[in-house]
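# Residue-level structural notes
Listed below, chain by chain, are the residues.
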Amino acid sequence: MESMAKRNNNQANPTEQEKLEHVDAEKVETEYHIGAGGKIEQTPEEKKKMYKESLIRTVAASVLGIIFGLICYFMLGSAATPEGETTPLRLAWFIVLPLVLIFTYYIQRRLLFPVLRMDMKLLNWKDWFGIEFLVLLYCIVTWTILLNTNLL
């Protein structure tokens, strides 16, 4: 009986999470003009701003990937040792790539995007996954190209 009273009491009083979700939903509706179908309707100015921010995110991820590819090449070279020699650099690239992802995430999230005054409210985990995938891709491609050429 007591548990039933608790359950009814909990249903009557919304939790803090529900209150926050309700406030966020109202904010999104007023800021982003949610239409009847549940899709975000944007004005031409908003579309232009979103396109510009998307382009900046892509370019920033590409440039960071190239920079970290150069750093990996100059710091580690091929990250392999000659046979018979025991050094911790044998598997260094397994350690370096996750560190590159962590550093670039925090560089973008805490330094770069706030300086550029970009709206990060709409970035979810899928967007960050895509951004970090670009960083990793450009880092590996740059490192590989430098390893296979004798330019530097």
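Our subject is the structure that appears above.
### Digging into a nonpolar patch on the surface
On the surface, a cluster of nonpolar side chains totalling about 1,000 Å² of accessible area is made up of I66, L70, F74, W125, F129, F133, L137, Y138, V141 and I145. Every element with two or more residues in the nonpolar patch is listed here: α3 (44–76) and α5 (125–148). Element by element, the count of residues in the nonpolar patch is highest for α5, at seven residues. Relative to the elements of secondary structure, F74 occurs in helix α3. Residue classification places F74 among the exposed positions, given a relative accessible area of 56%.

### Regarding the nonpolar core
Core analysis: the biggest nonpolar cluster contains 18 residues, and C72, V100, F113 and C139 have the highest contact counts within it. Residue assignment for this core shows that the elements contributing at least two residues are α3, α4 (92–115) and α5. With residues up to four places along the chain from it excluded, the contact list for C139 reads G65, F68, G69, C72, L97 and V100.

### Some words on the packing of aromatic side chains
The final tally for this structure, using the stated rule, is four aromatic pairs. Between Y105 and Y106, the ring centres sit 5.1 Å apart and the planes meet at 80°, which makes this aromatic pair edge-to-face. On the accessibility criterion, Y105 (25% relative accessible area) is partly exposed. For the pair Y105 and W128, a centre-to-centre distance of 5.1 Å together with 70° between the ring planes defines the contact as edge-to-face. Linking Y105 in helix α4 with W128 in helix α5, this pair joins segments that are 23 residues apart in sequence. W128 sits in the buried class, given a relative accessible area of 8%. Joined through ring pairs, the aromatic side chains of Y105, Y106, F113 and W128 make up one cluster.

### Some thoughts on the packing of α3 against α5
Orientation of α3 relative to α5, taken along the N-to-C sense of each, is 40°, at an axis distance of 7 Å. If you check the angle between α3 and α5, you find them oblique. Judged by the twist between their axes, the crossing of α3 over α5 is right-handed. Facing R57, T58, A61, S62, G65, I66, F68, G69, L70, C72, Y73 and L76 of α3, the residues of α5 in contact are I131, L134, V135, Y138, C139, T142, W143, L146 and L147. Considered class by class, the residues forming the contact of α3 with α5 number 15 nonpolar, five polar and one charged.

### Concerning the side chain of T104
Within the secondary structure layout, T104 lies in helix α4. On the accessibility criterion, T104 (0% relative accessible area) is buried. Residue contacts for T104: discarding those within four places in its chain leaves L64, F68, E132 and V135.

What counts and what doesn't
- Residues numbered from 1 in each chain as written.
- Predicted model: local features only at pLDDT ≥ 70, side-chain atom pairs only at ≥ 80, totals over all residues.
- Heavy atoms only, no water.
- Patch = residues over 30% accessible without salt bridge, like charges linked within 9 Å, V, L, I, M, F, W, Y side chains within 5 Å.
- Areas by Shrake-Rupley, 256 points an atom, 1.4 Å probe, with all protein chains shown as cover.
- Salt bridge = Lys/Arg side-chain N within 4 Å of Asp/Glu carboxyl O.
- Helix = DSSP H or I, 4+ residues; strand = E, 2+ residues; numbered from the N terminus.
- Buried < 20%, exposed > 50% of the residue type's maximum accessible area, 1.4 Å probe, protein only.
- Core = buried A, V, L, I, M, F, W, Y, C linked by side-chain atoms within 4.5 Å.
- Contact = heavy atoms within 4.5 Å.
- Phe/Tyr/Trp six-rings, centres within 6.5 Å; stacked < 30°, edge-to-face > 60°.
- Axes fitted to C-alpha atoms, helices over the stretch in contact; angles between N-to-C directions.
- Parallel < 35°, antiparallel > 145°, perpendicular 65-115°, else oblique.
- Left-handed = near helix turned anticlockwise from the far one by under 90°.
- Nonpolar A, V, L, I, M, F, W, Y, C, P; charged D, E, K, R; others polar.

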